Amino acid sequence: MPAGASLPHSRGLDWQLLYDDDFDRDRLGQIWQGRSDVHWRSSEWKIVDGVVMPEDSWTALAFARTIKPPVRIEYDVYSRTEGVRILGTMLCPQGLSTHRFWGKMDGYGYFLSLGWHDRLSNSIMRNDSEILIDAQGMQLEKDRRYRIVAQFVPPFVELYVDGKQVLQYEDGNWLEGLDELVLYSYPVHAFDNVRIYLAEQ
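Since the model is a prediction, treat every value here as computed from it, not as a measurement. (Residues numbered from 1 in each chain as written. Predicted model: local features only at pLDDT ≥ 70, side-chain atom pairs only at ≥ 80, totals over all residues. Heavy atoms only, no water.)

Visitor: I'd like a description of the overall build of the protein chain, backed by residues and values.
Guide: For the protein chain, the helix and strand inventory stands at 0 helices and 15 strands. A globule of 201 residues ought to have a C-alpha radius of gyration of about 17 Å, and the protein chain, at 16 Å, matches this closely. Oriented by its inertia axes, the alpha-carbon framework of the protein chain measures out at about 40 × 40 × 30 Å. In the protein chain, which comprises 201 residues, the share counted as buried stands at 53%. The long-range share in the protein chain, meaning contacts at least 24 apart out of those at least 6 apart in sequence, stands at 66%. (Helix = DSSP H or I, 4+ residues; strand = E, 2+ residues; numbered from the N terminus. Rg over C-alpha atoms; globule rule 2.2 N^0.38 Å. Buried < 20%, exposed > 50% of the residue type's maximum accessible area, 1.4 Å probe, protein only. Contact = heavy atoms within 4.5 Å.)

This is how it looks when you write it as C-alpha cells:
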C-alpha cells in the first residue's frame, strides 16, 4: 500500500497508513458510524455491491477511531442522482458532525464541500462560517467515479479531486480538539476504497 512522503500532495510528511477499507463484505461493522443532520431522516449506511452508501440523504459516515492531525483521507466516490449533489469531508470534534448549510449556519471543525445546495459552489466551512467560496469550482457529474484526497495539515486544509487541487485554506488560528473524520452525502453517494493516513509534524 502506498505510504510515506512519496504520496501525491504529501507536503513532505511521512504518511503512515492507519486504515484502509474496500467494503468487500456484507456488514459495515463498528468502525463506521452513521449520522443524520435531521431527526426524521435515517442515519443508516449499508454496503451494496462492494460500496458503502447511505439509506437517506443529509447523512454522514464517521470513522469511529479517534485521530489527530495531520490526517489524510483518500476515497473513491460517485453519485447516481440528478440535480444537486453535495459531497463533504470534515474534521471535527468527536460526535459533532452535524452541520446546517442554509439560513443561520451551524457546524464544528473544518468542512470541505463540493457542490453547495442551490448555489452549486465549492466551499470550506470553519465552524459555523464559510471562509472560502469557489463559485467556479468543479461539480460532480452523475455516474462518474472520482478519487478524492482531503488533507488536514495545520495550518492547511485542502482538497484534491483526481489529482487536481480544488480547495485550499491556510488557517493562522488552527482549531483545537479536532479528532474525528467524517464523510457527508447529499443526497446519496457511493463510497469505496477508503484510506486514512496519519503523520507527525
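The structure having been displayed, the exposition proceeds.
Visitor: Quick one: what's the story with the sheet that holds strand E8 (residues 110-114), residue by residue and with numbers?
Guide: If you walk across this open sheet you meet the 7 strands as E2-E5-E14-E7-E8-E9-E10, and the pairing is antiparallel. Pairing within the sheet leaves two strands with one partner each, and these edge strands are strand E2 (32-36) and strand E10 (129-134). Strand-to-strand twist across the sheet, computed as the mean angle between neighbouring axes with direction ignored, equals 20°. The pairing of E8 with strand E9 (residues 122-126) spans 4 bridges and is classified as antiparallel. In the sheet register, Ser113 faces E9, and the bridge partner there is Ser123. (Pairing = 2+ DSSP bridges. Axes fitted to C-alpha atoms, helices over the stretch in contact; angles between N-to-C directions.)

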